[in-house]
Amino acid sequence: MTVDRAVMMFAGLMILISVALTYWVHPAWMWLTVFVGLNLFQASITGFCPAARLFRRLGVLPGPAFR
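In what follows, the accompanying structure is described. Predicted model, so just to flag it, every value in this text is computed and none were measured. (Residues numbered from 1 in each chain as written. Predicted model: local features only at pLDDT ≥ 70, side-chain atom pairs only at ≥ 80, totals over all residues. Heavy atoms only, no water.)

Points about the packing of aromatic side chains
Considering all chains together, one arrives at two aromatic pairs under this definition. Ring geometry for tyrosine 23 versus tryptophan 24: centroids 5.1 Å apart, planes at 85 degrees, classification edge-to-face. As far as burial versus exposure is concerned, tyrosine 23 and tryptophan 24 are alike and both exposed. (Phe/Tyr/Trp six-rings, centres within 6.5 Å; stacked < 30°, edge-to-face > 60°. Buried < 20%, exposed > 50% of the residue type's maximum accessible area, 1.4 Å probe, protein only.)

Now the structure itself:
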């Protein structure tokens, strides 16, 4: 698995978790979805992604998007 796929998997998982929390716990959990979306947007523009750095430090192989 590469960092690129790990970041996409992590973002998707966070969105699914936040939707479940919004539905079953409290509507304010929707802000987690907003945060994940904004982070994906800024990462596409700047190339900086905190999750990508974390996965690299954990030893995940680099991919073409986050080198």
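From this point, the discussion proceeds with the structure in view.
Observations concerning the packing of helix α1 (residues 3-24) against helix α2 (residues 30-46)
If you want to describe how two helices pack, look at the angle between their axes and the distance between the axes. Put simply, α1 and α2 touch, their axes get as near as 7 Å, and they point 160 degrees apart. Looking at the two axes, α1 sits roughly antiparallel to α2. Read as a crossing pair, α1 and α2 show a hand that is left-handed. Facing α1, whose interface residues are Ala11, Met14, Ile15, Ser18, Val19 and Thr22, α2 presents Met30, Leu32, Thr33, Val36 and Leu40. Across the contact of α1 with α2, the residue classes break down as eight nonpolar, three polar and no charged. (Axes fitted to C-alpha atoms, helices over the stretch in contact; angles between N-to-C directions. Helix = DSSP H or I, 4+ residues; strand = E, 2+ residues; numbered from the N terminus. Parallel < 35°, antiparallel > 145°, perpendicular 65-115°, else oblique. Left-handed = near helix turned anticlockwise from the far one by under 90°. Contact = heavy atoms within 4.5 Å. Nonpolar A, V, L, I, M, F, W, Y, C, P; charged D, E, K, R; others polar.)

Describing the layout of surface pockets
Put simply, the largest pocket is a space of about 200 Å³. In terms of lining, the largest pocket is formed by 13 residues, of which the most central are Phe10, Phe35, Val36, Asn39 and Ala51. At the level of secondary structure, the elements contributing two or more residues to the lining of the largest pocket comprise α1, α2 and α3 (50-57). Broken down by element, the residue count for the lining of the largest pocket peaks at six residues, all from α2. Looking at side-chain class alone, the lining of the largest pocket contains 12 nonpolar, one polar and no charged residues. (1 Å grid on protein atoms, 1.4 Å probe; cavity = no way out; pocket = protein on both sides within 12 Å on 5 of 7 lines; lining within 4 Å. Points joined across faces, edges and corners; volume = space filled by probe spheres on them.)

Thoughts on the environment of cysteine 49
The topology assignment puts cysteine 49 in the loop between α2 and α3. Accessibility expressed as a relative area gives 7% for cysteine 49, which makes it buried. As a C-alpha pair, cysteine 49 and valine 7 span 42 residues in sequence and 8.6 Å in three-dimensional space.

Digging into a nonpolar patch on the surface
Judged by side-chain polarity, Tyr23, Trp24, Val25 and Trp29 come together as a nonpolar surface patch covering roughly 560 Å² of accessible area. Here tryptophan 29 lies in the loop between α1 and α2. (Patch = residues over 30% accessible without salt bridge, like charges linked within 9 Å, V, L, I, M, F, W, Y side chains within 5 Å. Areas by Shrake-Rupley, 256 points an atom, 1.4 Å probe, with all protein chains shown as cover. Salt bridge = Lys/Arg side-chain N within 4 Å of Asp/Glu carboxyl O.)

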